[in-house]
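Structure at a glance
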Amino acid sequence: MPTYDYECGACGHEMELFQGINDPVKKKCPECGKLKLKRLFGSGAAIVFKGSGFYQTDYRSEGYKKAAKADKKSTSETKSESKSSDSKSKPSGKSKSGD
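Basis of the calculations
- Residues numbered from 1 in each chain as written.
- Predicted model: local features only at pLDDT ≥ 70, side-chain atom pairs only at ≥ 80, totals over all residues.
- Heavy atoms only, no water.
- Phe/Tyr/Trp six-rings, centres within 6.5 Å; stacked < 30°, edge-to-face > 60°.
- Lys NZ or Arg CZ within 6 Å of the ring centre and 35° of its normal.
- Pairing = 2+ DSSP bridges.
- Helix = DSSP H or I, 4+ residues; strand = E, 2+ residues; numbered from the N terminus.
- Axes fitted to C-alpha atoms, helices over the stretch in contact; angles between N-to-C directions.
- pLDDT = per-residue confidence, 0-100.
- Buried < 20%, exposed > 50% of the residue type's maximum accessible area, 1.4 Å probe, protein only.
- Contact = heavy atoms within 4.5 Å.
- Patch = residues over 30% accessible without salt bridge, like charges linked within 9 Å, V, L, I, M, F, W, Y side chains within 5 Å.
- Areas by Shrake-Rupley, 256 points an atom, 1.4 Å probe, with all protein chains shown as cover.
- Salt bridge = Lys/Arg side-chain N within 4 Å of Asp/Glu carboxyl O.
- Lys, Arg positive; Asp, Glu negative; His and termini not counted.
- Charge placed at Lys NZ, Arg CZ, Asp CG, Glu CD.

**So, the packing of aromatic side chains**
How two aromatic rings sit relative to each other is set out by the distance from centre to centre and by the angle between their planes. Scanning all chains against the criterion turns up zero aromatic pairs. For the cation-ring pair, arginine 39 lies above tyrosine 4, with the distance from its terminal atom to the ring centre recorded as 4.2 Å.

This is the structure we're talking about:
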């Protein structure tokens, strides 16, 4: 549930109110009792990220990174080996018939 900022138009009283998104907007000022309370536009329902940043690499351990590199190398080596063995085992496709 977000926190909303309110301000009274009559007495100038400002307050924050923790309420649900679907709750009705408050209109009565708790200080002066008049129906001049208005909800202000602000960061009420916004998500605020604090800190140095959020990156995919922030959550990866060094061990995971090393294992991923090793797996990537073995995959690329397997692909290059299969290409070279395929080219050696395939027949040229030309036949010498017609003698």
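**A few points about the sheet that holds strand β2 (residues 14-18)**
Taken in spatial order, the three strands make up an open sheet running β2-β1-β3, and their pairing is antiparallel. A strand with exactly one partner marks an edge of an open sheet, and here the two such strands are β2 and β3 (37-39). Taken pair by pair, the neighbouring strands of this sheet meet at an average axis angle of 35 degrees, ignoring direction. Bridge count for strand β1 (residues 3-8) against β2 is five bridges, and the pairing is antiparallel. Paired with tyrosine 6 across the bridge in β2 is methionine 15.

**Observations concerning the confidence of the model for the chain**
On average, the chain scores 75 in pLDDT, and the residues at 70 or more come to 58%. Confidence, expressed as mean pLDDT per element, reaches its minimum in the chain at helix α1 (residues 62-89) with 71 and its maximum at β3 with 91.

**Observations regarding the pairing of β1**
In the case of a regular strand, side chains alternate between the two sheet surfaces. Side chains of β1 alternate between two faces, with Tyr4, Tyr6 and Cys8 buried and Thr3, Asp5 and Glu7 left unburied. Counting the residues between successive antiparallel strands, the hairpin from β1 to β2 contains five residues, one of them, glycine 12, with a positive phi of roughly 85 degrees.

**Description of the environment of leucine 40**
Within the element layout of this structure, leucine 40 appears in the loop between β3 and α1. What makes leucine 40 partly exposed here is its relative accessible area of 35%. Along the backbone, leucine 40 and tyrosine 6 are 34 residues apart, and their C-alpha atoms lie at a distance of 5.6 Å. When near neighbours in sequence (up to four residues on either side) are disregarded, leucine 40 contacts Asp5, Tyr6 and Glu7.

**Examining a positive patch on the surface**
On the surface, Lys27, Lys34, Lys36 and Lys38 cluster together to form a positively charged patch. Within the secondary structure, lysine 34 is located in the loop between β2 and β3.

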